[in-house]
Amino acid sequence: MAKSSNLEGKTGVRIVVVGDRGTGKSSLIVTAAAETYPTNVPRLLPPTRLPEDFYPDRVPITIIDTSSNPEDRGKLAEELKRADAVVLTYACDQPETLNRLSTFWLPELRQLEVKVPVIVVGCKLDLRDDQQQVSLEQVMSPIMQQFREIETCIECSAYKHIQIPEVFYYAQKAVLHPTGPLFDQETQTLKPRCVRALKRIFILCDHDRDGALSDAELNNFQVKCFNAPLQPSEIVGVKRVVQDKLIEGVNERGLTLTGFLFLHALFIEKGRLETTWTVLRKFGYNNDIKLSDDLIPYSSFKRAPDQSVELTNEAIEFLKGVYELFDSDLDNNLRPIEVEDVFSTAPENPWNDAPYKDAAEKTALGGLSLDAFLSEWALMTLLDPARSIENLIYIGYPGDPSSAIRVTRRRRLDRKKQQSERNVLQGFVFGPANAGKSALINSFLGRPYSDTYTPTADEQYAVNVVELPGGIKKTVVLREIPEDGVAKLLSSKESLAACDIAVFVYDSSDESSWKKATELLMDVAGHGEDTGYEVPCLIVAAKDDLDSFPTAIQNSTRASQDMGIEAPIPISSKLSDFNNIFRRIVNAAEHPHLSIPETEAGRSRKQYHRLINRSLMFVSVGAAVAIVGFAAYRVYAARKNASG
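Residues numbered from 1 in each chain as written. Predicted model: local features only at pLDDT ≥ 70, side-chain atom pairs only at ≥ 80, totals over all residues. Heavy atoms only, no water.

As recorded in an unreviewed UniProt entry, the chain goes by the name Mitochondrial Rho GTPase, listed as coming from Hibiscus trionum. Per its UniProt entry, the chain bears the Subcellular location (unreviewed entry) comment "Mitochondrion outer membrane". Taken from UniProt, the Sequence similarities (unreviewed entry) comment for the chain reads in full: "Belongs to the mitochondrial Rho GTPase family." (UniProt positions renumbered as here; feature names shortened; annotations may be inferred.)

A. Structural view of the sheet that holds strand β11 (residues 254-256). The strand order across the open sheet formed by three strands is β9-β11-β10, and the pairing between neighbours is antiparallel. Looking at the sheet topology across the chains shown, the edges are occupied by β9 (212-213) and β10 (250-251). On the sheet, helix α10 (residues 257-269) packs against β9 and β11 and is oriented at approximately 75° with respect to β11. (Pairing = 2+ DSSP bridges. Helix = DSSP H or I, 4+ residues; strand = E, 2+ residues; numbered from the N terminus. Contact = heavy atoms within 4.5 Å. Axes fitted to C-alpha atoms, helices over the stretch in contact; angles between N-to-C directions.)

B. Region of interest: the pattern of salt bridges. Scanning the entire structure with this criterion turns up 29 salt bridges. For the salt bridge of Asp 306 with Arg 410, the shortest nitrogen-to-oxygen distance reads 2.8 Å. Taken together, the residues span a long stretch of sequence, with Asp 306 in the loop between α11 (273-282) and β12 (309-311) and Arg 410 in the loop between β13 (405-407) and α16 (411-417) at a distance of 104 residues. Residues joined in a network through salt bridges with shared partners are Arg 409, Arg 411, Asp 414, Arg 422 and Asp 500. (Salt bridge = Lys/Arg side-chain N within 4 Å of Asp/Glu carboxyl O.)

C. Structural context of the confidence of the model for the chain. Across the chain, the average pLDDT comes to 90, with 91% of residues at or above 70. Low confidence marks residues 1-7, where pLDDT is under 50. Its contacts with residues over four positions away, or in another chain, come to 20 contacts. (pLDDT = per-residue confidence, 0-100.)

D. Looking closely at the nonpolar core. Judged by nonpolar contacts, the single largest core of 75 residues is most densely connected at Leu 182, Ile 201, Leu 280, Leu 319, Trp 351, Phe 373 and Trp 377. Counting 28 residues, the second-largest nonpolar core is a separate cluster that includes Ile 481, Ala 497, Ala 525 and Met 563. (Core = buried A, V, L, I, M, F, W, Y, C linked by side-chain atoms within 4.5 Å. Buried < 20%, exposed > 50% of the residue type's maximum accessible area, 1.4 Å probe, protein only.)

E. Up close: the pairing of strand β17 (residues 501-507). Counting buried residues in β17 gives seven out of seven residues, a clear majority hidden from the surface. What you see with β17 is no split at all: Ile 501, Val 503, Val 505 and Asp 507 on one side and Ala 502, Phe 504 and Tyr 506 on the other are buried throughout. Two elements, strand β14 (residues 424-430) and β17, share four bridges in a ladder whose sense is parallel. Of the residues in β17, the one forming a bridge with Gly 427 is Ile 501. With six bridges connecting them, β17 and strand β18 (residues 537-542) associate as parallel partners. Residue pairing for β18: Ala 502 is matched across the bridge by Cys 537. The parallel pair β17 and β18, bridged by helix α19 (residues 511-531), forms a crossover whose chirality is right-handed. (Right-handed = clockwise from strand over helix to strand, strands pointing away.)

F. Geometry of the environment of Gln 307. Relative to the helices and strands, Gln 307 is located in the loop between α11 and β12. Ignoring any residue separated from it by four or fewer positions in sequence, one finds Gln 307 in contact with Val 407, Thr 408, Arg 409, Arg 410, Arg 411 and Arg 422. Separated by 2.9 Å, the side chain of Gln 307 and the backbone oxygen of Thr 408 make a polar contact. (Polar contact = N/O pair within 3.5 Å; in protein donor to acceptor, adjacent residues only side chain to side chain.)

G. Local environment of the sheet that holds strand β5 (residues 118-123). The sheet built from six strands is open, its strands ordered β2-β3-β1-β4-β5-β6 with mixed pairing. Because the sheet does not close on itself, it has two edges, and the strands there are β2 (48-50) and β6 (150-155). When the angles between neighbouring strand axes are averaged without regard to direction, this sheet yields 25°. Contacts between helix α5 (residues 136-146) and the sheet are confined to β4 (85-91), β5 and β6, with β6 contributing the most and set at about 155° to the helix.

H. Local environment of α10. A rise of 1.5 Å per residue sets the reference length of α10, with its 13 residues, at 18 Å; its end C-alpha atoms lie 18 Å apart and thus fit the reference within 8%. The buried fraction of α10 amounts to ten of the 13 residues, a majority that puts the element mostly inside the structure. Restricting attention to buried positions, one finds in α10 the residues Gly 259, Phe 260, Leu 261, Phe 262, Leu 263, His 264, Ala 265, Leu 266, Phe 267 and Ile 268. Backbone geometry just downstream of α10 places Gly 271 in the positive-phi region, at approximately 80°. (Expected span 1.5 Å × (residues − 1).)

I. How the structure looks around the environment of Met 380. Of note, Met 380 is situated in helix α14 (residues 370-383). Using a relative accessible area of 0% as the deciding quantity, one classes Met 380 as buried. Taking the C-alpha atoms as reference points, Met 380 and Pro 350, separated by 30 residues in sequence, lie 8.9 Å from one another.

J. Quick peek at the packing of helix α2 (residues 25-34) against helix α6 (residues 164-176). It is the contact of α2 with α6, at a shortest axis distance of 9 Å, that shows an interaxial angle of 95°. Here α6 runs roughly perpendicular to α2, going by the angle between their axes. Of α6, the residues touching α2 (which contributes Leu 28, Ile 29, Thr 31 and Ala 32) are Ile 164, Val 167 and Phe 168. Taken together, the residues of the contact of α2 with α6 break down into six nonpolar, one polar and no charged. (Parallel < 35°, antiparallel > 145°, perpendicular 65-115°, else oblique. Nonpolar A, V, L, I, M, F, W, Y, C, P; charged D, E, K, R; others polar.)

K. Structural view of α14. Relative to the 20 Å expected for 14 residues at 1.5 Å per residue, α14 spans 20 Å between its end C-alpha atoms, a close match to the ideal helical length. Burial analysis of α14 places eleven of its 14 residues in the buried class, the great majority of the element.

L. Geometry of the side chain of Lys 474. Here Lys 474 shows up in strand β16 (residues 473-480). A polar side-chain atom of Lys 474 sits 3.3 Å from a polar atom in the side chain of Glu 590. When sequence neighbours within four positions are dropped, the list of residues in contact with Lys 474 reads Arg 422, Asn 423, Asn 464, Val 465, Val 466, Leu 468, Val 586 and Glu 590.

M. Quick look at the side chain of Ser 375. As for its position among the elements, Ser 375 is in helix α14. When its relative accessible area of 1% is taken as the criterion, Ser 375 is described as buried.

Given below as structure tokens:
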């Protein structure tokens, strides 16, 4: 097995040995390295290196000795924070040092946030009182229950050379092949993420998709993972082991998924964790049982701040096939349990948490239509392309991952060309509290209107498909920005770069709501002018079912004319009268040049630039006249000389 796949880029294992004074730390290290018991041991050893051929994994080990003196606590903490594993010692002939594991050392490791495997080692086994015939399991079981970070416990004797190499073998093994991510010691079962990864591997190896690994498929799997074929008798033996314990683990077609998972649980129970880790790493998994970063084509979605990432047609067709496969009753309703099935080969369902949870429209049965399913994917690709590609790989995308996404044209260029060629458009929804932003978002997702006002504390996303005349579909992402989140958003120069359209919502019955909305509009427009990321804007007059404030029409007309944008669009979420607002959002985003507002400062700046450009033009025209005049004079002088 390659070192890099074992250690995820590390070049060796660093083991730090800690414990009370006089518990045998230094003798343990010297005996392991020199294979002989030392007569004189220095108080503190320098770093000790075990060569790479010391253990079968062929990974070099560096062992760090430590002092337990109070004045050396700072140095001890420093070493522990650099450790890959900790060997924690006690002396078998000194019970008080065993007690100190749970009263001092293990709590101390937690306080220092040392999150690496711990191997508890009882040294000086040869000195233990023969009257104390208590098993190691009896002694350590309560401590291991309390401190789950303990990977293994072992007793040894440096003087008698009992189990000395095993100490550092177990420590190295805990780093290279950790139990924690794979197996729950308490329930004695494979952990969910491990099961999901092994299920994906099983499906990838089940080439004929018949739900079982045939002898040929099992052999191909063996060759891929271990570079050695299985003999026919070995295949029979493997299947017999499974069938004896689990009848459903094998059927007439071969080894089932249940049998495949059982085999790995058996390997782990028998301490052969390296077998399962070899399989996982061969299929690209890291120690967190997620795909290694080098499988994600990060370079394919490098982009400028005003570019975005979308799925390609190839990826969308693949996802349509996935939807059809899992929508077993073909009712255009992927139920929550079916969505979980889609992601059953990923570490977890990425849509269980914000911002994806509840971001798409639900069917009457609480599921996702095909449009909603593709919308969730579009949102994930827009916000986190790496995660989107990663999950496409998990669910079986067959092509080159970089072929699944494309980077769009820069929005700055869209404005110059006076049209957008994006399929996914992102709108930022601004407005004062209680203006009707959430009601607009909810209506976008087909949710019923509610009279109950619930302030929006955090940003939220909504994504849906908007159908335009001619059957053209665009995916629209609306991002609601709470009023008190605007200043933070605009504190970043590039905050508007990803925005295709800004929507400003106000309560048309409340003059103060209108004033706040126009202030927000001025802030956003001014920020766009200052940073070069101008965005088209629409104003939405919400709650049109209520009486408008007296000067509403006059004020709104003047403001929209002054800024050069469309007059406010009246809507009523309560009456479900939306005035084609979502199509109008798409139209404004697709033709950005028509709806970009202009502030007084922006206008002045443009006039100033026009004056400067005009002056430069006069200078250049004057210079051109002078050059032409000089050239004409030279021609005239030459002719005069010639005639002379």
